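Examining the three-dimensional arrangement
Each chain, letter by letter, is given below.
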Amino acid sequence: TSAKALGLGTLVMNTGSGIANISVGSGIAMFNNDTIQQVTTAISVVGINSISECADMNYSIGTGLSSGIITVYSPGLYEIIYAATISKTVGSTPQDCTVRLSRNGAGTLTGSIVNSIHFDATNASDNTASGAALLVNLDAGDNIRMSVSSSLSGGNNCSVIARGARIVIKKIGPKRGVAGS
C-alpha cells in the first residue's frame, strides 16, 4: 500500500542559508472561555473567547456577537476534542445539561452530543465535566460552535465554569472518506 500525504507541502529555501522549511499545511489551536456562563433551556453558544498560547494562524475566533465561533482557513480532515465543565450550585431538582458541536450554525455534528446529570446542590456544588473527540471534514471558511442547554432554568440553573469549556482543533490531513472524496 502507498502512504497518504498529510497535506499540501510547501518548500521554502533560503539560498546559501542551509535551511529548508517544509510545511504540510496542518495546524493546531486550543480555545477556552474566560467567564461564567449560565445554562438555560434555550440552546446557546458557549462564549469561547480566549485562545491559548499553542495556537497557529490556521484558525480565528469571533469576538462580540460572534464570540464562541471558531473559523478554519484551510480545507481538510480535522480532529476536534472538546469538553465543558458544568457546575450546579443551587437547587435540589435533578437536571440534565447537553453539550454539542455544530458546523456553520446548522444542526449538530454527528456524535458530538454529550450529557451531564446534576443532582442536589444544597450542601455542595455538583461539578461534572463531559466531552468528546470527533473527526470532521471541513472546508475553508467553515466555523465550529459549542452549544449548551439544560433541562431546567431558573433556581435550578447550572453554569459553565470560567475556563471550563475548551476546544482543541487540529488539522490532520486532506479530506477523507465519502464526504471528503
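What comes next concerns the included structure. Being a predicted model, the structure only gives us computed values, none of them experimental. (Residues numbered from 1 in each chain as written. Predicted model: local features only at pLDDT ≥ 70, side-chain atom pairs only at ≥ 80, totals over all residues. Heavy atoms only, no water.)

**Some details on the environment of Ser-150**
Tracing the backbone through its elements, the reader meets Ser-150 in strand β13 (residues 143-150). Spatially, the C-alpha atoms of Ser-150 and Asp-96 are 5.7 Å apart, while their sequence positions differ by 54 residues. Residues in contact with Ser-150, not counting those within four places in the same chain, are Val-39, Thr-40, Thr-41, Gln-95, Asp-96 and Cys-97. At a separation of 2.5 Å, a polar atom in the side chain of Ser-150 contacts the side chain of Gln-95. Here the side chain of Ser-150 touches Leu-152 through a polar contact of 3.0 Å, landing on its backbone oxygen. (Helix = DSSP H or I, 4+ residues; strand = E, 2+ residues; numbered from the N terminus. Contact = heavy atoms within 4.5 Å. Polar contact = N/O pair within 3.5 Å; in protein donor to acceptor, adjacent residues only side chain to side chain.)

**Remarks on the side chain of Asn-143**
Looking at the element boundaries, Asn-143 is found in strand β13. For Asn-143, a relative accessible area of 13% gives the class buried. A distance of 3.3 Å separates the side chain of Asn-143 from the side chain of Arg-145, its partner in a polar contact. Those residues in contact with Asn-143 that sit more than four places away from it in its chain are Ile-69, Ile-70, Thr-71, Ser-102, Arg-103, Asn-104 and Gly-105. (Buried < 20%, exposed > 50% of the residue type's maximum accessible area, 1.4 Å probe, protein only.)

**What to know about the nonpolar core**
Counting 30 residues, the largest nonpolar core has Tyr-82, Leu-101, Met-146 and Ile-169 as its most contacted members. Of all the secondary structure elements, the ones that give two or more residues to this core are β3 (28-32), β8 (69-72), β9 (76-88), β10 (95-103), β12 (126-138), β13 and β14 (158-173). Once residues lying within four places of it in the same chain are set aside, the contact partners of Tyr-82 are Val-99, Leu-101, Ser-112, Ile-113, Val-114, Ser-130, Gly-131, Ala-132, Leu-134, Met-146, Arg-166 and Ile-167. (Core = buried A, V, L, I, M, F, W, Y, C linked by side-chain atoms within 4.5 Å.)

**Some points on the pairing of β9**
Counting buried positions along β9 gives eleven out of 13 residues, so the element sits mostly inside the fold. In the sheet, β9 pairs with β12 via 13 bridges, with the strands oriented antiparallel. When the sheet's bridge partners are listed, Thr-85 is paired in β12 with Ala-129. Bridge count between β9 and β14: eleven bridges; the pairing is antiparallel. Across the sheet, Tyr-78 pairs through a bridge with Lys-171, a residue of β14. (Pairing = 2+ DSSP bridges.)

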